[in-house]
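Structural features, examined
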Amino acid sequence: MAARTKARKLALDILFAAELREEEPTAVLAARGRPNQDELAEYPHAVRLIEGVQQNRERIDELLATYATGWTLERMPVVDRNILRMGAFELLWVDDVPDGVAVSEAVGLATELSTDESPRFVNGLLSRLQQLKPSLSL
């Protein structure tokens, strides 16, 4: 498995845990980092994703809520919501990850970790953001 794929899984674990615990993702990251510092050092992209999602969460959630036809953020499964946050962050703020890779990796996580309907939903919503990317104000 590629390093960035592992980094995305690690980031998703932390974002998911943070939401369930109602804590800031960077606080969960710091707590996890104490015994697992080597793991975090090996996957710097995970740290970038966690910090980026936290820093841009308000705008990311606004975009997801706006373009998720028929779904509110609250109604989405927690894992899907965090996969979408990570995918949107990579798609819109991370220049060294091609857009198609950001979408594909998010769909892969949804396929592996969520419901049967989730991959199609994640793909549709992130693809819509990808189409609108040039016109979105970030």
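Look up a bit, the structure's there.
My aim in this report is to walk through the structure given alongside it, one point at a time. Each chain carries its own residue numbering, running from 1 in the written order of its sequence. A pLDDT threshold of at least 70 governs which residues receive local features in this predicted model, and a stricter bar of 80 or more applies before side-chain atom pairs are shown or counted, although totals over entire chains, interfaces and linings include all residues. To get the side-chain values, all heavy atoms of the structure are used, and hydrogens and water are removed first.

As a further point, take the packing of helix α4 (residues 44-67) against helix α5 (residues 78-93). Structural elements are reduced to axes, namely lines fitted to C-alpha atoms, with helices fitted over the stretch in contact, and the angle between N-to-C directions of any two is expressed from 0 to 180 degrees. Strands are runs of DSSP state E lasting at least 2 residues, helices are runs of H or I lasting at least 4, and numbering of each runs from the N terminus. Look at α4 against α5: their axes get within 8 Å of each other, and the N-to-C directions meet at 100 degrees. By the criterion of interaxial angle, the relationship of α4 to α5 is roughly perpendicular. From α4, His45, Arg48, Leu49, Gly52, Val53, Asn56, Arg57, Arg59, Ile60, Asp61, Leu63 and Leu64 reach across to α5, where they touch Arg81, Leu84, Arg85, Met86, Ala88, Phe89, Glu90, Leu92 and Trp93. Residues are grouped as follows: Ala, Val, Leu, Ile, Met, Phe, Trp, Tyr, Cys and Pro are nonpolar; Asp, Glu, Lys and Arg are charged; every other residue, Gly included, is polar. Broken down by class, the residue content of the contact of α4 with α5 amounts to 11 nonpolar, three polar and seven charged. Oblique is the label for any angle not covered by the other classes, which are roughly parallel (under 35 degrees), roughly antiparallel (over 145) and roughly perpendicular (65 to 115). Whether two residues are in contact is decided by their heavy atoms: any pair within 4.5 Å suffices.

Below, the discussion takes up the nonpolar core. Within this scheme, the nonpolar core is defined by two criteria: the residues are buried Ala, Val, Leu, Ile, Met, Phe, Trp, Tyr or Cys, and they are joined through side-chain atoms within 4.5 Å. The buried label applies to any residue whose accessible area, calculated with a 1.4 Å probe on protein chains only, is under 20% of its type's maximum; exposed applies above 50%, and partly exposed to all values in between. By size, the foremost hydrophobic cluster in this structure holds 44 residues, and its most contacted members are Ile83, Leu84, Met86, Val122, Leu126 and Leu129. Those elements that provide at least two residues to this core are α1 (3-21), α2 (25-33), α4, α5, α6 (99-113) and α7 (118-132). Discounting chain neighbours no more than four positions away, the residues touching Ile83 are Leu12, Ala106, Leu109, Ala110 and Val122.

Below, the discussion takes up the pattern of salt bridges. A pair is scored as a salt bridge if a Lys or Arg side-chain nitrogen falls within 4 Å of a carboxyl oxygen belonging to Asp or Glu. On inspection of all chains with the given rule, the structure shows 11 salt bridges. Of the charged contacts, one joins Glu19 and Arg85 as a salt bridge, the two residues approaching to 2.8 Å between their closest N and O atoms. Here Glu19, found in helix α1, pairs with Arg85, found in helix α5; they are 66 residues apart in sequence, far enough to count as distant. Exposure class is identical for Glu19 and Arg85. Each is buried. One salt bridge connects Arg59 with Glu62, and the closest N-O pair in it is separated by 2.4 Å. Here the residue Arg59 and the residue Glu62 both occupy positions in helix α4, the gap between them amounting to three residues, near one helical turn.

On their own, these measurements won't tell you what the molecule is for.
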